[in-house]
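Secondary and tertiary structure notes
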Amino acid sequence: MAQPIRVVITGAAGQIAYSLLYQIAKGDVFGPSQPVILHLLDIPPMMGVLEGVVMELADCALPLIHGVVPTADPAVAFKDVEAAFLVGAMPRKQGMERKDLLSANVTIFKVQGQALDQHAKKTVKVLVVGNPANTNALVCSRYAPSIPRENFTAMTRLDQNRAQANIAARLGVNVADVKNVIIWGNHSSTQYPDVKHATVTKGGASKNAYEAVADEAYLKGEFVSTIQTRGAAVIAARKMSSAMSAAKAAGDHMKSIWQGTAPGEWVSMGVVSDGSYGVPADVVYSFPVTIKDKKWTIVQGLPIDDFARSKMDLTGKELLEERAEALAVCQD
């Protein structure tokens, strides 16, 4: 059996981690023969709850778990980790402005970036789930200068999964039959879910998903707004934010990094922009990427129409605004 890898999950006593830990520990993410040592980080008031999570992990009797390290100390949590799920963040509360949320979270992700820089393996792959995920990932990478910037990614896989499921339901096919849906930009209500380049397999034949749906008004209107506001719809129904689906998406995202993408397929993730497709550089922007040997590459050369251009520019503008706000907080 392979040597165990150390994996840190922050916000480990929370709802998302509760679903995510089982996926990781039973081999869905890193593979069925890859043992893991789980580092579970949370804040001191949550240590009692975290102890209950540790008990449950023991009671699952999962053979891939080769150790569990519950802690409130970032230095312990990030020691020698090869993969990091940064789930814990200050949640947005009623009456809170985005700027207030950014301010609270910049501090958290600055501390975690510094801890990664000092204690994690330099090859660590860092997935930021806590919102605002794109800008938190950017901040985190700035405070971990010894780790390559491309090792920091933000999760838009939940949005991709939502869009894929929506199109599959619309076409009456299995979700696995829809490929290459794209999420452009920010994990926020400005993101642009794009099916222009997606494919669907129906009746044994593969065709363009946009053409298969054959409803441009829907794809430019209700579909976009539904995916953009799906998180709020879940909160309205569940009285709590997405947890099971967010955990599944986090697992999917890291699995894609670890195991690569299939030939001819891409996935969406927030990565440090190089200005591809004319979007702002040096923000964490969601692009379609292919992954090989744990390295992502932005898919190039996709035609972008005027509608897509306007949506991609809008979400890019929001990311520039977030970056300016976050960096102002960093300098305070």
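Thresholds, definitions, all that
- Residues numbered from 1 in each chain as written.
- Predicted model: local features only at pLDDT ≥ 70, side-chain atom pairs only at ≥ 80, totals over all residues.
- Heavy atoms only, no water.
- UniProt positions renumbered as here; feature names shortened; annotations may be inferred.
- Helix = DSSP H or I, 4+ residues; strand = E, 2+ residues; numbered from the N terminus.
- Rg over C-alpha atoms; globule rule 2.2 N^0.38 Å.
- Buried < 20%, exposed > 50% of the residue type's maximum accessible area, 1.4 Å probe, protein only.
- Contact = heavy atoms within 4.5 Å.
- Lys, Arg positive; Asp, Glu negative; His and termini not counted.
- Charge placed at Lys NZ, Arg CZ, Asp CG, Glu CD.
- Core = buried A, V, L, I, M, F, W, Y, C linked by side-chain atoms within 4.5 Å.
- Domains from an automatic or database assignment.
- Buried area = accessible area lost by both parts, 1.4 Å probe.
- Salt bridge = Lys/Arg side-chain N within 4 Å of Asp/Glu carboxyl O.
- Polar contact = N/O pair within 3.5 Å; in protein donor to acceptor, adjacent residues only side chain to side chain.
- Nonpolar A, V, L, I, M, F, W, Y, C, P; charged D, E, K, R; others polar.
- Expected span 1.5 Å × (residues − 1).

- The protein appears in an unreviewed UniProt entry as Malate dehydrogenase from Thrips palmi.
- Its UniProt record gives the protein a comment under Sequence similarities (unreviewed entry), which states: "Belongs to the LDH/MDH superfamily. MDH type 2 family."
- Recorded in UniProt for the protein, the comment headed Catalytic activity (unreviewed entry) runs: "(S)-malate + NAD(+) = oxaloacetate + NADH + H(+)".

**Quick notes on the overall build of the protein**
- Regarding its fold elements, the protein presents 12 helices and 14 strands.
- Here the C-alpha atoms of the protein give a radius of gyration of 19 Å, agreeing with the 20 Å that 2.2 N^0.38 yields for 332 residues.
- Burial analysis of the protein (332 residues in total) assigns 52% to the buried set.
- Partitioning the contacts of the protein with sequence separation of at least 6, the portion at a separation of at least 24 is 72%.
- Charged side chains in the protein number 33 positive and 32 negative. The centres of these two groups are separated by 2 Å.

**Notes on the nonpolar core**
- Judged by nonpolar contacts, the single largest core of 76 residues is most densely connected at Ile 9, Phe 30, Leu 38 and Phe 85.
- With 7 residues, the top contributor of residues to this core is helix 11 (residues 244–259).
- Residues from two domains meet in this core; each of domain 1 (5–154) and domain 2 (156–323) gives at least three.
- When residues no more than four places from it in sequence are discounted, the contact partners of Leu 38 are Val 7, Ile 9, Leu 21, Ile 24, Ala 25, Leu 57, Ile 65, Gly 67, Val 68 and Val 69.

**Here's the deal with the environment of Ala 250**
- Inspection of the secondary structure puts Ala 250 in helix 11.
- C-alpha separation for the pair Ala 250 and Val 128, spaced 122 residues apart in sequence, amounts to 8.9 Å.
- When sequence neighbours within four positions are dropped, the list of residues in contact with Ala 250 reads Leu 20, Phe 85, Leu 127, Val 129 and Met 155.

**Quick notes on the environment of Gln 118**
- Among the secondary structure elements, Gln 118 is positioned in helix 4 (residues 98–119).
- Sequence spacing of Gln 118 and Val 8 is 110 residues, and the spatial spacing of their C-alpha atoms is 15 Å.

**A word on the domain arrangement of the protein**
- According to the domain assignment, the protein contains domain 1 (5–154) and domain 2 (156–323).
- Measuring from the centre of the C-alpha atoms in domain 1 to the corresponding centre in domain 2 gives 23 Å.
- Of the residues lining the interface, 30 residues belong to domain 1; the matching set on domain 2 comes to 36 residues.
- Of the roughly 2600 Å² buried at the junction of domain 1 and domain 2 (both faces included), carbon and sulfur atoms supply 61%.
- Counting every contact that joins domain 1 to domain 2 gives 1 salt bridge.
- Here Arg 149 and Asp 282 are joined by a salt bridge, their closest N and O atoms 3.1 Å apart.
- Remark: the boundary between domain 1 and domain 2 carries 13 residue pairs in polar contact (both at pLDDT 80 or more).
- Take the side of domain 1 that touches domain 2: its biggest share by element is 5 residues, from helix 1 (residues 15–25).
- Among the residues forming the side of domain 1 that touches domain 2, the class breakdown is 16 nonpolar, 8 polar and 6 charged.

**With respect to the environment of Ala 12**
- Considering the arrangement of structural elements, one finds Ala 12 in the loop between strand 1 (5–10) and helix 1.
- With 313 residues separating them in the primary sequence, Ala 12 and Glu 325 have C-alpha atoms 28 Å apart.
- If we skip the residues at most four places from it in the chain, Ala 12 touches Ala 17, Leu 21, Leu 40, Leu 41, Asp 42, Leu 50 and Val 53.

**Observations regarding helix 12 (residues 306–331)**
- Here helix 12 spans 38 Å end to end across 26 residues, near enough to the 38 Å set by a 1.5 Å rise per residue.
- Burial in helix 12 covers these residues: Ala 308, Met 312, Thr 315, Gly 316, Glu 318, Leu 319, Glu 322, Ala 326 and Cys 330.
- Where helix 12 begins, one side-chain oxygen reaches toward the backbone nitrogen of Phe 307, 3.3 Å away; that side chain belongs to Asp 305.

**What to know about the UniProt feature "active site" (unreviewed entry) in the protein**
- If you check UniProt for "active site" (unreviewed entry), the listed places come out as His 187 in our numbering.
- Among the structural elements, His 187 can be located in the loop between strand 8 (182–184) and strand 9 (192–194).
- Not counting the four nearest positions on each side in its chain, His 187 is found in contact with Asn 131, Asn 134, Met 155, Thr 156 and Asp 159.

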